[in-house]
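Below are the chains, spelled out letter by letter.
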Amino acid sequence: MNEHPETEVIATTPPAPTAPPTERITVRTGELAGGSDDPGEVGESAPHGERTAYETPVDPATRSALLEDGTPRPYVTIVLPCFNEGAHVLKEIDRITAAMNSSEFTYELLCIDDASTDNTLEVLEQAARDFANLRIMPFRRNGGSGTARRIGTQQAHGEIVVWTDADMTYENERIPELVRILRDDASYDQVVGARTTEEGTHKWARVPAKWFIRNVAQWLTKTRIPDLNSGLRAFRREVSLPYLRLLPAGFSCVTTITIAFLSNQHDIKYVETAYAKRAGVSKFHFVGDAYRYILQVLRMVMYFDPLKVLMPPALWMILLGLGKGVVDMVRHPFYFPASTVLLIVSGMMIASLALLSDLVVRSRDGV
């Protein structure tokens, strides 16, 4: 019999290091643009219709310098939405890659096929075999250029994100110039190619409409804006992340990100660029898109500074009502018409709404 009692040995292992907190971004097909889930799958290896999930660090500073496959993370991501651009998208890809290859920057060209009805996706798939830095995200349903740019920015690997169009209108060979400004001057968070000419359709109506919308935005943001809705711009991805949820699905996404940056004291530098006649058919609808532009400008300023939108008309209505009340009292003592009371009460209601909206804006966390 063994005199020594048996000793129980318990093996312990050190706890595994915890990974940095991640935010799971889920992209599902078949949903409406701008909703909680985005239309289209955005994984280059995901078959049509499948749900694809991605994990992105909550803090951009925790992003690894390497991608999952071990390759270095590029410095620049160029997001290129494509919708029925099959006839000329290859020329645009060649122009962009030639400019970036001759620059000092590592990059990826993220082409998003927004459910094109022509051969755009086939052209992109063929180009992916010929261009090493090309990545494709095909959407099953059309979500609009704003949705494409938002998802592209969320899934960008680069520190600097560039937005541009595939219609041969912008000077995309100058993309490295925009990126250098951000690299060399940390005081700027966005660089915009400000167009010096207007070559779009309905030029007779677009010019005064854009002038009016731009001046409204300048008055509301108290900032000079040479080009409010230029599609050529470069910005710091980590700065843009809190504002991506504000982007609408359509063309006014470029207006939104401009006003969002300016409203939060992120400096924007404007660089004059030429603007060529577009290739293919324009997707811009003057009446509908101009109306949405105006609404988006007002919506964005309401989001950040509602007093600036609501308080001026409220005060004018109250003052007008009081002035009218004095005149009414002189003309008809102790008689207040319903219109006078309505002016004063309406002004007070709008002023109360303005103060309540401002309270909500100042009490929320984050953006």
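This text goes with the structure placed above it.
Residues numbered from 1 in each chain as written. Predicted model: local features only at pLDDT ≥ 70, side-chain atom pairs only at ≥ 80, totals over all residues. Heavy atoms only, no water.

J.: Can you walk me through the side chain of Asp358 in this structure?
T.: Along the chain, the position of Asp358 falls in helix 10 (residues 338-363). You can call Asp358 buried: its relative accessible area is 11%. In contact with Asp358, other than residues within four places in its own chain, are Pro306 and Leu307. (Helix = DSSP H or I, 4+ residues; strand = E, 2+ residues; numbered from the N terminus. Buried < 20%, exposed > 50% of the residue type's maximum accessible area, 1.4 Å probe, protein only. Contact = heavy atoms within 4.5 Å.)

J.: Hey, could you run me through the pairing of strand 7 (residues 188-195) in this one?
T.: In the case of a regular strand, side chains alternate between the two sheet surfaces. Counting buried residues along strand 7, seven of its eight residues qualify, which places the element largely inside the surrounding structure. Pairing of strand 7 with strand 9 (residues 267-273), which is carried by seven bridges, proceeds in the parallel orientation. Bridging from a neighbouring strand, Gly193 pairs with Val271 of strand 9. Of the strand pairs in this sheet, strand 7 and strand 8 (residues 233-236) are connected by three bridges, and their pairing is antiparallel. Directly across from Val192, in strand 8, lies its bridge partner Arg233. (Pairing = 2+ DSSP bridges.)

J.: It is not clear to me how the pattern of salt bridges should be interpreted in this structure. Could you clarify?
T.: Between side chains of opposite charge, pairing is possible as soon as their charged atoms come close. For the structure on display, the rule yields 14 salt bridges. Close ionic contact of Glu104 with Arg180 constitutes a salt bridge, the shortest N to O distance being 3.0 Å. Of this pair, Glu104 sits in the loop between helix 1 (89-101) and strand 4 (107-113) while Arg180 sits in helix 4 (residues 175-184); the two residues are 76 residues apart in sequence, bridging distant segments of the chain. Between Glu177 and Arg174 there is a salt bridge, with the nearest N and O atoms lying 3.0 Å from each other. (Salt bridge = Lys/Arg side-chain N within 4 Å of Asp/Glu carboxyl O.)

J.: What exactly am I supposed to notice about the packing of helix 1 against helix 2 (residues 120-130) here?
T.: Angle between the axes and distance between the axes: these two values describe a pair of packed helices. Look at helix 1 against helix 2: their axes get within 10 Å of each other, and the N-to-C directions meet at 30 degrees. At the point where helix 1 passes helix 2, the crossing takes the right-handed sense. The segment helix 1 lies against helix 2, with Val89, Leu90 and Ile93 engaging Val123, Leu124 and Ala127. A per-class count over the contact of helix 1 with helix 2 returns six nonpolar, no polar and no charged. (Axes fitted to C-alpha atoms, helices over the stretch in contact; angles between N-to-C directions. Left-handed = near helix turned anticlockwise from the far one by under 90°. Nonpolar A, V, L, I, M, F, W, Y, C, P; charged D, E, K, R; others polar.)

J.: In this structure, what is going on with helix 10? I would like to understand it.
T.: Given 3.6 residues per helical turn, the α-helix brings residues three or four places apart onto the same face. In a regular helix each residue adds 1.5 Å, so 26 residues correspond to 38 Å; helix 10 covers 37 Å between its end C-alpha atoms and thus fits that length. What helix 10 keeps buried is the set Thr340, Ile344, Gly347, Ala351, Ala354, Ser357, Asp358 and Val361. (Expected span 1.5 Å × (residues − 1).)

J.: What am I meant to see in the packing of aromatic side chains here?
T.: A ring pair, where both rings are aromatic, is described by two values, the distance of the centres and the angle of the planes. Scanning the entire structure with this criterion turns up six aromatic pairs. Measuring from ring centre to ring centre gives 5.1 Å for Trp163 and Phe235, while their planes differ by 90 degrees; the resulting arrangement is edge-to-face. Separated by 72 residues along the polypeptide, Trp163 in strand 6 (residues 160-163) and Phe235 in strand 8 bring together distant segments of the chain. Within the aromatic cluster, the residues linked to one another by ring pairs are Trp163, Phe235, Tyr243 and Phe261. Positioned over the ring face of Tyr275 is Arg195, at 4.8 Å from the centre of the ring. (Phe/Tyr/Trp six-rings, centres within 6.5 Å; stacked < 30°, edge-to-face > 60°. Lys NZ or Arg CZ within 6 Å of the ring centre and 35° of its normal.)

From the geometry alone we can't say anything about function, so treat these as descriptive.
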